[in-house]
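Observations on chain architecture
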Amino acid sequence: MRKHYTVIAILATALLIFLGYLGIRQEKRFLLELLRSDAEILSQSIILASRTIFEADSLTESMIEDRLSSVLLFLSEQDEEEFSNEDIAELALMHNLGYLGLFPENGKPATVNPGEIPRGLILELMLSASQDSLSFLGIDPAFPQCGNAKGGSIKNGGVIWIAFLPPEEVKELRESIGFGQFIRKLGQFPSVRYITIQDTSAILVGTGFVRRLSRIETDPFLKRVVRHHNAKGRIASFKGEKIFEFVQPFPQIGTFGGIIRIGLSLNEYNSLIKDFYIAWFILILVLILVSLLTIRLLYAREKIRQLETNLTRTEYLRSLSQLTAEVAHEIRNPLNSISIWVQRVSDERGENEFTLKIQKEVERLNGIVSQFIALAKTASVKMEEQSLEPLLQDIIGILSPVASEKNVKLRLGGEPEKTAHFDYEKLKIALLNILKNGVEASFPDSTVSIDVEKKGKDTIIQITNEGNPIPHKKGEQLFEPYFSTKEKGGGLGLFTARRIIEEHCGRIEATSKGNLTTFRIILPGFPPTSSSR
């Protein structure tokens, strides 16, 4: 029964643990869906804001272009010989220019703040300048704020005018309404690891160290997003950290287009999953403790019920034994008298068929009475560690004539040479009763097997016979006193056997399966103390 409780508790605990595991997996999927939803909302917001920012940036680029154009066209119409360095400086200050230079074909150019604009940019504008037409550097309405310097040039006759906006003004424009600045500001949120827009050739704009990100042509995941034009999410690595990356096609806005990639931190996700696992493990421990406690309570309840049953049976047997002893004593006295009178009659008139029959029945009754009296007495058990083989061979020798009459074979197998702690004479009576019943219940031409095995420290004696099975309803009564399935049985053999085995601190079990009936006697591996029952 204890095994049943344990199996049920283990199965119930395992089921609850499995359900908890499925719950955590479901929570993982739910949290990832939340991350995906947040990333998708952020992506859509970026796309919507990008259109407005792009339009504002394009307008700003056009205004800068108009501003430089008006200054350069005005200067190209003037006589360059009329301008001194002071005049050029005043013009630069009037039009809020960071650099204004006049480069004649011959002679030293007049410049303002020449150190603030890299000479390479000035040289680039000089080389790109064309007669009576404007050239610009860093100004492109289709790709706003593509450069760190914004300037223009125009060639008129033998001179070239070059103008640049102040670097601080360009920087202010980039930091105020620039598309790249907008992306970088979004990237400053603690949960955002990076935001980048890239096409098949390069990263167009991004935050952080996005140069380390994979390219579209080398990443199958990004290829699928571009090919199917569907948004997707995945767990990826960025700077040694696991992150959730959301990738979505980015619509063509000016020269911008391709895909937008948003990397979100998994710190909160991992923290929640960790809390779920901690709660799950605590639940497992609680379930295990509850299961163990339940098993102990159920086992204790079963033990109490068994003790109550044993106590009731013991009281019943004690009362029955006392009554039996009294009745046996009362019967023995008349039997002795009958035996004496039959003997006198035999001596005086000689023995005949009737006196012999009476004497035989008196002896049989006296044997039964002796059994009754023996059951009522308390007997000490003298335990010794010894081999079972001599005992079993002795019993087989006693029962061989009975077995031969029914043409039943007795077979000894297993490990009979193993030792156990038992009282030789007492255990002999118990096993003799069990084997005798087995032989009497066996079919002709069958075998009664006696097998001995060690299981841990315990010794198991298994007696199996082939015959009519024990009815299930009568199996519980099999070891009760005066219960027998045989017509002439007294019902004390198996009762006596169980009593002796229990005096050895062992137990006996009887099972029937088909025509096979098996008795299992389990003797404990420790030496029980001598007891009186």
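Quick note: structure is the one above.
So, here is what we can say about the structure in this document. The structure presented is a predicted model; accordingly, all values stated were derived computationally and were not measured. (Residues numbered from 1 in each chain as written. Predicted model: local features only at pLDDT ≥ 70, side-chain atom pairs only at ≥ 80, totals over all residues. Heavy atoms only, no water.)

Brief notes about the overall build of the protein chain
- Helices and strands together make up the secondary structure of the protein chain, namely twelve helices and 17 strands.
- A separation of at least 24 residues holds for 66% of the contacts in the protein chain among residues at least 6 apart in sequence.
- In the form shown here, the protein chain has an accessible surface area of approximately 31000 Å², with 56% of it arising from carbon and sulfur atoms. (Helix = DSSP H or I, 4+ residues; strand = E, 2+ residues; numbered from the N terminus. Contact = heavy atoms within 4.5 Å. Areas by Shrake-Rupley, 256 points an atom, 1.4 Å probe, with all protein chains shown as cover.)

Some details on the packing of helix H9 (residues 389-405) against helix H10 (residues 424-441)
- Remark: H9 packs on H10, axes separated minimally by 10 Å, with the N-to-C direction vectors making an angle of 35°. In the packing of H9 onto H10, the handedness of the crossing is right-handed. For the pair H9 and H10, contact is made by Pro390, Leu391, Leu392, Asp394, Ile395, Ile398, Leu399, Val402 and Ala403 and by Tyr424, Leu427, Lys428, Leu431, Leu432, Leu435, Lys436 and Val439, respectively.
- Tallied by class, the residues present in the contact of H9 with H10 amount to 14 nonpolar, no polar and three charged. (Axes fitted to C-alpha atoms, helices over the stretch in contact; angles between N-to-C directions. Left-handed = near helix turned anticlockwise from the far one by under 90°. Nonpolar A, V, L, I, M, F, W, Y, C, P; charged D, E, K, R; others polar.)

Some thoughts on a nonpolar patch on the surface
- Together, Leu15, Leu16, Phe18, Leu19, Tyr21 and Leu22 give the surface a local cluster of nonpolar side chains, amounting to about 540 Å² of exposed area.
- Its place among the elements puts leucine 19 in helix H1 (residues 2-76).
- Its relative accessible area of 46% is what places leucine 19 among the partly exposed residues. (Patch = residues over 30% accessible without salt bridge, like charges linked within 9 Å, V, L, I, M, F, W, Y side chains within 5 Å. Salt bridge = Lys/Arg side-chain N within 4 Å of Asp/Glu carboxyl O. Buried < 20%, exposed > 50% of the residue type's maximum accessible area, 1.4 Å probe, protein only.)

Remarks on the nonpolar core
- Within the largest apolar cluster, 29 residues are counted, with the highest numbers of intra-cluster contacts made by Leu388, Leu431, Ile434, Ile461, Ile463 and Ile521.
- Filtering out sequence-adjacent residues up to four positions away, leucine 431 remains in contact with Leu391, Leu392, Ile395, Ile461, Ile463 and Ile521. (Core = buried A, V, L, I, M, F, W, Y, C linked by side-chain atoms within 4.5 Å.)

A word on the sheet that holds strand S15 (residues 458-466)
- Here we have five strands laid out as an open sheet, ordered S12-S14-S15-S17-S16, and mixed in their pairing. Of all the strands in the sheet, just strand S12 (409-414) and strand S16 (507-513) have a single pairing partner and so form its edges. The sheet shows a mean angle of 15° between the axes of neighbouring strands, direction not considered.
- The sheet contact formed by strand S14 (residues 447-455) and S15 spans seven bridges and is antiparallel. Within S15, the residue paired with serine 449 across the bridge is threonine 464.
- Its contacts with the sheet put H10 on S12, S14, S15, S16 and strand S17 (516-523), and the angle it makes with S15 is roughly 25°. (Pairing = 2+ DSSP bridges.)

Some points on unusual backbone geometry
- Positive phi, close to 60°, is recorded for aspartate 132, a residue that is not glycine.
- Positionally, aspartate 132 belongs in the loop between helix H3 (119-128) and strand S3 (134-137).
- The phi angle at asparagine 407 is positive, at roughly 60°, despite the residue not being glycine.
- Within the secondary structure, asparagine 407 is located in the loop between H9 and S12.

Topic: the side chain of serine 43
- For serine 43, the position within the fold is in helix H1.
- Beyond its immediate stretch of four places on either side in the chain, serine 43 contacts Phe246, Gln248, Ile260 and Ile262.

Overview of the pairing of S3
- Residues Ser135 and Leu137 of S3 are buried on one face, while the alternating residues Leu134 and Phe136, pointing to the opposite face, are not.
- In terms of strand pairing, S3 meets strand S4 (residues 151-156) through four bridges, oriented antiparallel. For leucine 137, the partnering residue across the bridge sits in S4 and is glycine 151.

Remarks on the pairing of strand S1 (residues 99-104)
- With five of six residues buried, S1 lies mostly within the body of the structure.
- One ladder, built from six bridges, connects S1 with strand S5 (residues 159-164); its direction is antiparallel. Residue pairing for S5: leucine 102 is matched across the bridge by tryptophan 161.

A word on the environment of isoleucine 470
- On the secondary structure map, isoleucine 470 appears in the loop between S15 and helix H11 (472-475).
- For isoleucine 470, a relative accessible area of 22% puts it in the partly exposed group.
- Sequence spacing of isoleucine 470 and threonine 511 is 41 residues, and the spatial spacing of their C-alpha atoms is 7.9 Å.

A short note on the side chain of serine 153
- Of note, serine 153 is situated in strand S4.
- At 3.2 Å, the side chain of serine 153 forms a polar contact with the backbone oxygen of leucine 125.
- Excluding residues that lie within four positions of it along the chain, serine 153 makes contacts with Leu72, Leu125, Ser128, Ala129, Ser133, Leu134, Ser135, Ile160, Trp161 and Ile162. (Polar contact = N/O pair within 3.5 Å; in protein donor to acceptor, adjacent residues only side chain to side chain.)

Scope: geometric values only; no functional claims are made or implied.
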